[in-house]
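# Notes for the structure review
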Amino acid sequence: MDLQQTPYLAALLVFAAGLATALATGLGALPFYFIREPSDRLTARMHAIAGGLMLGASFGLLMEGRVHGGWQTLVGAAIGLIAIQLGEHFLHDHEINFGDVDPASAKQMVMILAIMTLHSFSEGVAVGVSFGGGRDLATLITVAIAVHNIPEGLAISAVLRAKGTSIPACAAWSIFSSLPQPLMAVPAFVFVELFRPFLPYGLGFAAGAMVYMVFLELLPEAYALADDATDVGLWLSGTLGAMVIFQLLL
């Protein structure tokens, strides 16, 4: 199919590709069907795993952003750090309800979901832009993002599950966080030259936001819950290393 000569079918194909990457995020909740109710020690490990996955994802985002524009990526990362700080101040001044979760935990859950959802906008643009380069490139990028989304879903589920969220809800929220991907893929494909310059800013923004969340939210709580700080460090380092290797292999 010639993507340029059949614009309506092409737009449908781009949307389907973006939707597939979003649905893949929900697979990250599956391992929690085999995990008992989390103790403090397990909760600390889950936060460490989520932190490692998010730091690894940030590394991938920065490397990808560097290809499209190095300084633009750094500017985006700085904006991401500032935006998350402002978001935290806003949430601190407003009571957040997330089911039966206590307000402090609810704030952290909302922050994680907000960051990963914002991150998904960049991935949606990447899918749409890739279709502008032909089917072969589009297939490669779509599969890579879909596979990459599974550990991202695991990171989201690790945080939500530790707060008592049900496994189906973890999967649903993971998919929800990736819904911007099909929504952004089509306009990015149609207006590829308009969207392409903004891609490094978006990638950097998501990376900066995730790094802030890991070091200022997830890790402090993990160390507070753990009876052995070395255990948290090992899980964080191992997961980070695995995520970086996983992305390099893609």
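Calculation notes
Residues numbered from 1 in each chain as written. Predicted model: local features only at pLDDT ≥ 70, side-chain atom pairs only at ≥ 80, totals over all residues. Heavy atoms only, no water. Helix = DSSP H or I, 4+ residues; strand = E, 2+ residues; numbered from the N terminus. Buried < 20%, exposed > 50% of the residue type's maximum accessible area, 1.4 Å probe, protein only. Contact = heavy atoms within 4.5 Å. Phe/Tyr/Trp six-rings, centres within 6.5 Å; stacked < 30°, edge-to-face > 60°. Patch = residues over 30% accessible without salt bridge, like charges linked within 9 Å, V, L, I, M, F, W, Y side chains within 5 Å. Areas by Shrake-Rupley, 256 points an atom, 1.4 Å probe, with all protein chains shown as cover. Salt bridge = Lys/Arg side-chain N within 4 Å of Asp/Glu carboxyl O. Core = buried A, V, L, I, M, F, W, Y, C linked by side-chain atoms within 4.5 Å. pLDDT = per-residue confidence, 0-100. Expected span 1.5 Å × (residues − 1). Polar contact = N/O pair within 3.5 Å; in protein donor to acceptor, adjacent residues only side chain to side chain.

Along the chain, the regular secondary structure elements total ten helices and zero strands. Across the chain, helices and strands are ordered from the amino to the carboxyl terminus as α-α-α-α-α-α-α-α-α-α. Counting all 250 residues of the chain, 52% fall into the buried class. Of the contacts made within the chain by residues no fewer than 6 positions apart, 82% connect residues no fewer than 24 positions apart.

Let us look at the packing of aromatic side chains. Going through the model one piece at a time under the given rule, you end up with two aromatic pairs. Ring geometry for Trp71 versus Tyr201: centroids 6.2 Å apart, planes at 85 degrees, classification edge-to-face. Here Trp71, found in helix α3 (residues 70–92), pairs with Tyr201, found in helix α9 (residues 199–225); they are 130 residues apart in sequence, far enough to count as distant. Exposure remark for Trp71: the relative accessible area of 56% places this residue in the exposed category. Among the residues examined, Tyr201 registers a relative accessible area of 29% and is labelled partly exposed.

For the rest of this paragraph, the subject is a nonpolar patch on the surface. Together, Phe15, Leu19, Leu23, Trp173, Phe176, Leu179 and Leu183 make up an exposed nonpolar region whose accessible area comes to about 610 Å². Ranked by residues supplied to the nonpolar patch, first place goes to helix α1 (residues 7–25) with three residues. Mapping Leu19 onto the fold places it in helix α1. Note on Leu19: relative accessible area 32%, which makes it partly exposed.

This part is about the side chain of His47. One can find His47 in helix α2 (residues 40–68). Every residue in contact with His47, bar those within four places of it in the chain, is listed here: Gln108, Val159, Ala162, Lys163, Leu218, Glu221, Ala222 and Leu225.

Our focus in this paragraph is the nonpolar core. Counting 62 residues, the largest nonpolar core has Met54 and Ile112 as the members making the most contacts within it. Element by element, the count of residues in this core is highest for α9, at twelve residues. In this structure, Met54 is in contact with Ile112, Met116, Ala155, Met210, Met213, Val214 and Leu218, ignoring residues within four places of it in sequence.

Tallied over the entire structure, the rule returns one salt bridge. A salt bridge links Asp231 to Arg45, with the nearest nitrogen and oxygen atoms 2.8 Å apart. Here Asp231 is found in helix α10 (residues 229–249), whereas its partner Arg45 is found in helix α2, with 186 residues between them in sequence.

A few words on the side chain of Ser120. If you trace the backbone, Ser120 turns up in helix α4 (residues 103–131). The contact partners of Ser120, leaving out residues within four places of it in the chain, are Ser177, Ser178, Pro180 and Gln181.

Turning next to the environment of Ala10. Mapped onto the elements of the fold, Ala10 is located in helix α1. Judged by its relative accessible area of 0%, Ala10 falls in the buried class. In sequence terms Ala10 and Val190 are 180 residues apart; their C-alpha atoms lie 9.5 Å from each other.

Let's shift gears to the confidence of the model for the chain. Of all residues in the chain, 86% have pLDDT values of 70 or greater, and the mean over the chain is 79. Highest mean pLDDT in the chain belongs to helix α6 (residues 167–177) (89); lowest belongs to helix α8 (residues 192–195) (71).

Let's shift gears to α10. Compared with an ideal rise of 1.5 Å per residue, which puts 21 residues at 30 Å, α10 spans 30 Å between its outermost C-alpha atoms and is within 8% of the ideal. Every buried residue of α10 is listed here: Asp231, Val232, Gly233, Leu236, Thr239, Met243, Val244 and Gln247. One side-chain oxygen of the residue at the start of α10 lies 3.1 Å from the amide nitrogen of Thr230, identifying that residue as Asp228.

This part covers the environment of Ala188. In this fold, Ala188 is placed in helix α7 (residues 180–190). Residue class for Ala188 comes out buried when judged on its relative accessible area of 0%. Distance from Ala188 to Val127, taken between C-alpha atoms, is 8.0 Å for residues 61 residues apart in sequence. Sequence-distant contacts of Ala188, that is, excluding residues within four places in its chain, are made with Val125, Gly128, Val129 and Phe195.

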